[in-house]
Amino acid sequence: MSKIIKRPGTRELMAQLAKESDGLSINERRDFLRKGMMALGGGAATMVAGTTMAQGTNLPPMEPSWGKMLGHGVVEFPYGQPSKYESHVVRRTVPWLTAESISSISMSPLQDLKGIITPNGLVFERYHAGVPQINPEEHRLMVHGLVDRPIIFTMDDLMRFPSVSQIKFIECPANGGMEWKGAQMEALQFTHGMLSCCEWTGVPLRTLLEEVGVQTEGKWILAEGADGAHMSRSIPLEKALDDTLVVYAQNGEMLRPEQGYPLRLINPGWEGNTSIKWLRRLEVGDKPWYHREETSKYTDLMEDGRARKFTFVQETNSVITSPCPENPIKNSGVIEIEGVAWSGRGKIKQVDVSFDGGISWTPAKLKGLVLSKALTRFSLVTKWDGQPWLLQARAIDETGYVQPTLKQLREIRGGNSIYHKNSIHTWKVAANGEVTNVQIS
Amino acid sequence: MFRSLKNTLLVSIVGATLFVSSSVYAGEKYSFGKTATSEEIAGWDIDIRPDGKGLPDGGGSVEDGEVLYEQLCATCHGLFGEGEARWPVLAGGVGTLTEERPTKTVGSYWPYASTLYDYIRRAMPFTAPRSLTNEQTYQLTAYVLYLNELVDEDFVLTHENLAQIEMPNKDGFFIDPRPDVKNIRCMKDCDDPSKMKIEGTLKGITPVGHFIEGADAPAASHEGQEDLEREKAHARKAALTGEEVQTEAAPEAVKMSDKAIAGEDTFDNACKVCHGSGIAGSPKLGDIEAWAPRVKQDLAVLVEHAIKGFSGASGIMPPKGGRVDLSDQQVEEAVYYMVESSK
């Protein structure tokens, strides 16, 4: 072994190993080579650790250390993980928001994401009784109530139906809810991170309803989860027949347990809570059920003490993701202002950017895919030379709805409604490039 | 369940014509899946509606509810429904909905009593959902209504009188009127800069440690926050007394008994919900300091408390943590596991 490590070049070592293994049986030789390679890798790693201590040795004109050694082979990690240098790109929560982590929420790191798709491991989490570990072979979807033929589907049954794949955002209606009474959160992840966007694959709920035959009195559907909370929401039949999906996959693979494995509902454009995870039951009825999550929670309290119910739609919203508190401006000169916009009513038509807190606005460009009820990325290339900015984005959707100011929202709804705060957000950019969350009134 | 059974009968009598015409639309059928039996549906059809649809036959009294509530619910919701820590407040708050900090409770906010039965039945107690009998669910519903002064102490709630209970805020809800705000796409001179007021954030309440080095901020997870708070407490103590505090059990030093090893599974799927994070005043697994006074006493006493329930200074241990489905032996093993992991 020591002889091996003393040798300088990888190729020579490989040759040496091959030579030494001559005369061994095929299996013995394979084993010998494998062990030799491992020793080689270990030796190289030790060397790297030593040399990276010196500054700049991986920079031109030097050959970087990783170009002078071998990396790991195929299937070393049967399910690949991000680079160890990306370990900061994770979901986070604000611990004082909830009593503990089992009935709680985490936020996606919007500040680090590109494009419009949220990677599966970074989709925000919302649990009411933790994540159940469901065996798909024992999972059933029961569809019953005011139907001609109540049916129990297995996962195999559901996957036999012709499938659809659609890119849709999912957002908790409490996204931004901490900011109703004033700026609170000092980071984008916590002001807007209860938001993700995936390609969902499954069956239109309409197909399943046609299969059971909804009776004429049927007007509402109760969707229920198989988790310990047995999360339940009433959904109007009209929505169910329009675009609700019963999905089993996200971004090309089966749903993550955190996202409802093996089956969940997706109500595109509607508050995330209605997209019941771990879906086990759909009951057709003639009236809504008024369960806890549509009375005690997810109702919007107005100033007069009355509350709005069935506030389903996530209205047009947008936020600048770069710069933001986590991504301060590091250099003066050309800068791309980037962000995401979304609307629960359809496609994003236009996003404008303001540098002066909403006094004047400049149209931004939409880039990449512009899809209905999906995140849409916008961009504006400009110059920054240390001037203070009050940076805002304002989205307009295809229905003509213009994202409101916080002042406009508060005038009508007061400060206690918790949910559905979709107002224009302001980042204050200081002369040193630092970005902070402020509110303009 | 009865309705669908009736429909099936109708279909078989009247024939296929009714079957097709009763559908809202006639799509192509795939005929996947199996027809659900009324027995299968009855087992899962747990929902209750404001008109009482779905309520099982039976009832329960406020009096019986009090005993059960104190065993199963008070740990988190408080003896009077006042809510411990950040757990939901169940009672009080009437008249606060227009205040700056409204208290939304069953009595002050919920429009229907049926929601209470439905929610307790589907999700409570938090540590052992779907473990209550229908009768116990009536008892607890009755008691929470009593805590809200909506029924008297001698009240017996039944499937016949639940839908008749009028909640104070039953008329407090109206259908979503959005879009309610009309902004316009102004491009120039949209606001008066002299009247603009700019307000920043409150510092120190956002987890920002991942991008601001050395920030005095909360952690970005519940576990991280608990560790942070414990570290701070120990640092304060060390500064005062000059003594170092041993905080976590060194895992390699723990050699467990067979009984303790057997208890790990029970801990994971039953006890961890509270003892994994130390919620509701429960001693956290591995927290030597929290376990020290408990470990000092006879282990048999600790086991008995875990099985029969116990009211201590820091909180209430419900019998078997609410998981009455566990055997005494399973609870004993789990206690051994926790004790041996925490000394």
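This structure is a prediction, so every number in the text was calculated from the model and none was measured.

(A) Just the sheet that holds strand β23 (residues 435–440) of chain A, in detail. The sheet built from six strands is open, its strands ordered β18(A)-β17(A)-β21(A)-β22(A)-β23(A)-β5(B) with antiparallel pairing. With partners counted over all chains shown, the strands left at the sheet margins are β18 (362–363) of chain A together with β5 (198–199) of chain B, one partner each. Sheet analysis places β23 of chain A next to β5 of chain B, joined by two bridges and oriented antiparallel. Note that in β5 of chain B the partner of Gln-439 of chain A across the bridge is Glu-199 of chain B.

(B) Local environment of the side chain of Asn-183 of chain B. Summarising the element assignment, Asn-183 of chain B is placed in the loop between β4 (173–175) and β5. At 2.8 Å, the side chain of Asn-183 of chain B and the backbone oxygen of Gln-403 of chain A are in polar contact. Within the structure, the side chain of Asn-183 of chain B is placed 3.4 Å from the side chain of Gln-408 of chain A, a separation counted as a polar contact.

(C) Quick peek at helix α8 (residues 222–241) of chain B. Between its first and last C-alpha atoms α8 of chain B spans 28 Å; for 20 residues at 1.5 Å apiece the expected length is 28 Å, and the two agree. For α8 of chain B, every residue scored as buried is listed here: His-222, Gln-225, Arg-230, His-234 and Ala-238 of chain B. Contacts from the buried residues of α8 of chain B go to β1 (104–105) of chain A together with α11 (288–296) of chain B. Of the residues one or two after α8 of chain B, Gly-242 of chain B is the one with positive phi, at around 75°.

(D) Just the pairing of strand β12 (residues 279–285) of chain A, in detail. Residues and elements named next belong to chain A. The buried fraction of β12 amounts to seven of the seven residues, a majority that puts the element mostly inside the structure. Note that strand β3 (residues 141–145) and β12 share four bridges and pair parallel. Following the sheet pairing, Met-142 is matched in β12 by Arg-281. The sheet contact formed by strand β7 (residues 220–225) and β12 spans six bridges and is antiparallel. Counterpart to Gly-225 in the pairing with β12 is Leu-279.

(E) Fine view of the packing of aromatic side chains. Taken as a whole and assessed by the stated rule, the structure comprises 18 aromatic pairs over all chains. Measuring from centroid to centroid gives 5.1 Å for Tyr-69 of chain B and Tyr-143 of chain B, while their planes differ by 50°, and the two rings are tilted. Of the two residues, Tyr-69 of chain B sits in helix α4 (residues 62–72) while Tyr-143 of chain B sits in helix α7 (residues 134–147), which places them 74 residues apart along the sequence. Assigned by exposure class, Tyr-69 of chain B and Tyr-143 of chain B land together as buried. Through a chain of ring-to-ring contacts, three or more aromatic side chains come together here, namely Trp-220, Trp-270, Tyr-290, Phe-310 and Phe-312 of chain A together with Tyr-112 of chain B.

Each value, and the rule that gives it
- Residues numbered from 1 in each chain as written.
- Chains lettered and ligands numbered in written order.
- Predicted model: local features only at pLDDT ≥ 70, side-chain atom pairs only at ≥ 80, totals over all residues.
- Heavy atoms only, no water.
- Pairing = 2+ DSSP bridges.
- Helix = DSSP H or I, 4+ residues; strand = E, 2+ residues; numbered from the N terminus.
- Polar contact = N/O pair within 3.5 Å; in protein donor to acceptor, adjacent residues only side chain to side chain.
- Expected span 1.5 Å × (residues − 1).
- Buried < 20%, exposed > 50% of the residue type's maximum accessible area, 1.4 Å probe, protein only.
- Contact = heavy atoms within 4.5 Å.
- Phe/Tyr/Trp six-rings, centres within 6.5 Å; stacked < 30°, edge-to-face > 60°.

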